[in-house]
Amino acid sequence: MADDELSTLAGLHGVATRYTDWRGRAAEVSPGTLVAVLAALGVDASTPSAVRAGLERAREPRRGLPPAVIVRRGDGTVTGRILAELRGHLGSGEDAEVDVEVSAGEVLAPPDPHVQPDERPYEPLAGLADVPAGWHRLRVRRGGRTDHAALLVAPAALRPPPRTWGFTAQLYSVRSRASWGLGDLRDLADLAAWSGRELGAGFTLVNPLHATEPVPPVGPSPYSPMSRRFPSPIYLRVEDMPEYARLPARDRERFAALAAKLRAQEGLLDRDAVWAAKLEAFEAMFRLWREDADPGYAEFRRREGAALDGFAAWCAISEEQGTTDWRRWPRPLQGAGDPDAGERCAADVPGSRAAFHAWLQWRLDGQLAAAQRAARDAGMPVGVVHDLAVGIPHGSADAWMYRGMLASGMSVGAPPDEFNQRGQDWGQQPWRPDAMARDGYRPFREMAAAVLRHAGGIRLDHAMQVSRLWWVPEGASPADGTYVRYDRDALLGCLTWEAERFGGVVVGEDLGTVEPEVREAMADRGVLGTSLLWFERAGDGRPKPPAQWRELSLATVGTHDMPPITGFVHGDHIALRDRLGLLTRSRAEEEDDHRRQLADWLALLHGEDLLATPPADIMRALADGSTAHDAEIVAALHAFLGRTPARLRGVSLADAVGERRTQNQPGTTDEYPNWRVPLADAGGDPVFLEDLGDAFVDPSLRRGSR
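The following paragraphs examine the structure supplied in this document. For every chain, the first residue of its written sequence is number 1, and the numbers climb from 1 along that sequence. In view of the model being predicted, local features appear only for residues whose pLDDT reaches at least 70, and side-chain atom pairs are presented and counted only at 80 or more, with totals across whole chains, interfaces and linings using the full set of residues. The side-chain figures draw on all heavy atoms in the structure; neither hydrogens nor water molecules are used.

It is worth spelling out the overall build of the chain at this point. A helix here means a DSSP run of H or I that spans at least four residues, while a strand means a run of E at least two residues long, and both kinds are numbered starting from the N terminus. Each helix and strand in the chain was counted, giving 23 helices and 22 strands. Throughout, the radius of gyration refers to the C-alpha atoms, and the reference size of a globule is 2.2 Å times the residue count to the power 0.38. What you see for the chain is a C-alpha radius of gyration of 26 Å, in line with the 27 Å of a compact globule of 706 residues. With the principal axes as the frame, the chain shows a C-alpha extent of 80 × 70 × 50 Å. Each of the 706 residues in the chain was classed as buried or not, and the buried ones make up 57%. Put simply, of all contacts in the chain between residues at least 6 apart along the chain, 73% involve residues at least 24 apart. To measure how exposed things are, a 1.4 Å probe is used in the Shrake-Rupley method; for residues, cover is taken only from the protein chains shown. Split by element, the accessible area of the chain, about 28,700 Å² in all, is 48% carbon and sulfur. Three exposure classes are used, based on accessible area relative to the maximum for each residue type with a 1.4 Å probe and protein chains only: buried under 20%, partly exposed in between, and exposed over 50%. When checking whether two residues touch, look at their non-hydrogen atoms; a contact exists if any pair is within 4.5 Å.

With that out of the way, let us pick up the packing of helix α7 (residues 271-286) against helix α10 (residues 353-377). The contact between α7 and α10 brings their axes to 11 Å, and the two run at 105 degrees. Looking at the two axes, α7 sits roughly perpendicular to α10. Note on element contacts: α10 touches α7 through Arg353, Ala355, Phe356, Trp359 and Leu360, opposite Leu279, Phe282, Glu283, Met285 and Phe286. Amino acid classes used here: Ala, Val, Leu, Ile, Met, Phe, Trp, Tyr, Cys and Pro are nonpolar; Asp, Glu, Lys and Arg are charged; the rest, including Gly, are polar. Per-class residue counts for the contact of α7 with α10 are 8 nonpolar, no polar and 2 charged. Note on geometry: axes are lines fitted to C-alpha atoms, helical ones only across the stretch in contact, with angles between N-to-C directions running from 0 to 180 degrees. Each angle is binned into one of four classes, with values under 35 degrees roughly parallel, values over 145 roughly antiparallel, values of 65 to 115 roughly perpendicular, and all other values oblique.

At least two DSSP bridges between two strands are needed for those strands to be called paired. What the 5 strands build is an open sheet, ordered β3-β7-β6-β4-β5; its pairing is mixed. Of all strands in the sheet, those bounded by a partner on one side alone are β3 (68-72) and β5 (123-124). Here 5 bridges tie strand β4 (residues 97-101) to strand β6 (residues 134-142), and the two strands are oriented antiparallel to one another. Looking at β6, one finds that Val100 is bridged to Leu138. Against the sheet, helix α4 (residues 78-87) touches β3, β4, β6 and β7 (145-154), its axis set at about 135 degrees to β3.

Now for helix α15 (residues 516-524). Considered for burial, the residues of α15 that qualify are Val518, Ala521 and Met522. Looking down the long axis of α15, one finds its buried residues gathered within 100 degrees of arc, a one-sided arrangement. In α15, the exposed residues that point more than 90 degrees away from the buried face are Pro516 and Glu520. The inward-facing, buried residues of α15 contact α14 (488-502), β19 (505-508) and β20 (529-532). Positive backbone phi, at 80 degrees, marks Gly526, one or two positions downstream of α15. Working note: the arc is built from the helix axis to C-beta atom directions.

Strand pairing in a sheet takes place through backbone hydrogen bonds and is either antiparallel or parallel in direction. The strand order β19-β16-β12-β9-β8-β22-β21-β20 describes an open sheet built from 8 strands, whose pairing is parallel. Single-partner strands in this sheet number two, and they are β19 and β20. This sheet shows a mean twist of 25 degrees between the axes of neighbouring strands, independent of strand direction.

Of the grid points, spaced at 1 Å and generated over the protein atoms alone, those admitting a 1.4 Å probe that cannot get out make up cavities, while open sets with protein on both sides within 12 Å along at least five of seven lines make up pockets; any residue with an atom within 4 Å of a point is treated as lining. Grid points are joined across faces, edges and corners, and a volume is the space filled by probe spheres set on the points. Scanning all chains against the criterion turns up 13 cavities of 30 Å³ or more. Roughly 570 Å³ of volume is contained in the largest cavity. Around the largest cavity, the lining comprises 40 residues; the ones closest to its centre are Thr168, Gln170, Thr559, His560 and Ser652. Those elements giving two or more residues to the lining of the largest cavity turn out to be β8 (164-169), β9 (203-206), β20, β21 (553-556), β22 (648-652) and α21 (653-656).

For the rest of this paragraph, the subject is the environment of Asp524. Checked against the element boundaries, Asp524 lands in helix α15. On a C-alpha basis, the gap between Asp524 and Ala157 in space is 6.6 Å, while along the polypeptide they are 367 residues apart. A distance of 3.0 Å separates a polar atom in the side chain of Asp524 from a polar atom in the side chain of Arg72. In protein, a polar contact means a hydrogen-donor-capable atom and an acceptor-capable atom, both N or O and within 3.5 Å, with residues adjacent in sequence counting only if both atoms are side-chain atoms; elsewhere, any N or O pair within 3.5 Å suffices.

Another point: helix α13 (residues 442-452). Taken across its 11 residues, α13 has 9 buried, putting it largely inside the fold. Taken together, the buried positions of α13 are occupied by Pro443, Phe444, Arg445, Glu446, Met447, Ala448, Ala449, Val451 and Leu452.

This paragraph deals with the pairing of β3. In terms of burial, β3 is a largely internal element, 4 of the 5 residues being buried. Pairing of β3 with β7, which is carried by 5 bridges, proceeds in the parallel orientation. Directly across from Ala68, in β7, lies its bridge partner Ala150.

On to unusual backbone geometry, then. Pro217 follows Pro216 through a cis peptide bond whose omega is 0 degrees. As for its position among the elements, Pro217 is in the loop between β10 (210-211) and β11 (227-231). With a phi close to 60 degrees, Asp609 is a non-glycine residue in the positive phi region. Examined against the element boundaries, Asp609 turns out to sit in the loop between α18 (587-607) and α19 (615-623). With relative accessibility at 69%, the residue Asp609 sits in the exposed group. Not every positive phi belongs to a glycine, and Trp675 is a case in point at roughly 65 degrees. Secondary-structure assignment places Trp675 in the loop between α21 and α22 (692-695).

Note that all results are geometric; they support no functional claim without further evidence.
Here is the structure:
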């Protein structure tokens, strides 16, 4: 087939045929990759004739309404913007009657039991002075034909948060002397309340709390969840559940002994042991629960709708089958809408296993609300900011529930970059852009709303997910993928509306290879970017002075994919990557480059009067393996963040206590204990929540003067 025809077809479906790599060089995408990606989008490009047929279909004029019409508020009336958008889809010269059903179609909003869907009034659009922000329903009648479409009126821009600082933490690693071997939602509430009240922090940012496996083994990565729509019961504080006090004394004693055993464990975090113990307690409490005596549960069920039923069914079937991978289940159970799955696992059957998992989500809803309430009651202007992972594995709950909306045979990843020079395959199944649009983006909207409902904000891991994603065909190298385009305006509109609706901020992690127009679009809508200190460099490659940093951003020193400050300055990441065979150039070259960049940063800190010791003296001490200046460097870097104009400044708890170990080493699975490292100090001794104030290596944190 002619490569130019294949390239044209790919372009018409939003598939990139070339891209600019991290060195700024043009890279071509192979024909084989294009054919595979197009197939995942439902487009046959396997032969020249198939390509030509695909081109003819793609170029056919389309009439009628799109599934969703999305406009932004701004200067002028929204009504005019809607009509202008519709004119682009309706044929010229056609007279049309346009009506709107206001405030219809919101997600996570229980329907009015007194109003049937077909009884809601439509109003003539032309007669409305304005249309409020939110989701509505359009009806267009012309020439004897009636079309319907979802309508989103998105905010022009989110209001920026006040300038403040807060801790960033991997919650599971932040244990207290009362939690069951993993940090939980009570620990989150206590951390937020303490740092807000005592230290003047304005937010607490945590890892994704998405759902994990209901049967062992429980995956350690919070960025590879079973569902992004629902949270994980492993974060529940058992003793805070209403049923706990009603347990017989012998059961409470037994569970207290289980918890004590988990707290006494040393070494790496053990999620399987924690889940087994908590599950036993959950089951005992569920036997005491009565739905009809629990105010609010019925409304919760109505609000969560079919998604909760589907997730609870998936959990129940996973337990029955002994595996969470629905692809290994009997064929009659492999479809989320299959009658066998629904009948055997109905969440509305009292005492059923699906009802048990729905109840766990109800209890999570309450503890998530309590954590945000504790943060705000402590004076935090933002509160808890939750992270949203970029995707889900192929055999997960979301892949089962939303099977028709995901691209088969594809994984999300990243092309080679400076820190991951072989590229990355995250093993996560991407949304199909066309399927998302056809469904009015409902699962995406529900996912965002579920996270924001009890939060002060949402951090979008890999912000490029709203614009383009790197698709890797099954069995191919991560370097042999390509970008697939998403409707950026639509997805940003969905996010900003849910954030405005729930009063939250949105932070996009826009590190790595990011199109400049993505950052511009985010900023234009009030979405904060991410400024990571080690990556903030001016045009000449030198560290960027604080006054040149972005205002609309979350500024941090590092990220969970890098070692904490102390480990970084000592070059621990280079030694680790060398030991694991992840370097693409010699260790000597890596170390020379690291020393040069670190010396530049120390010079800037010294020039800003934030570092008292001359940089040359510190570099010599580091070369000798001395830790004498570690605390001084940590304090200087934190003070540097304070001089930037960034609206939000994040201080990693790992940095604050002098931890050296990284939480995650990209490019590894079992070679490194990713996501299983408990919070500890520089010597490796555990640091518990109650001891944080005494463990800080940066004195200014103890004074709350950030």
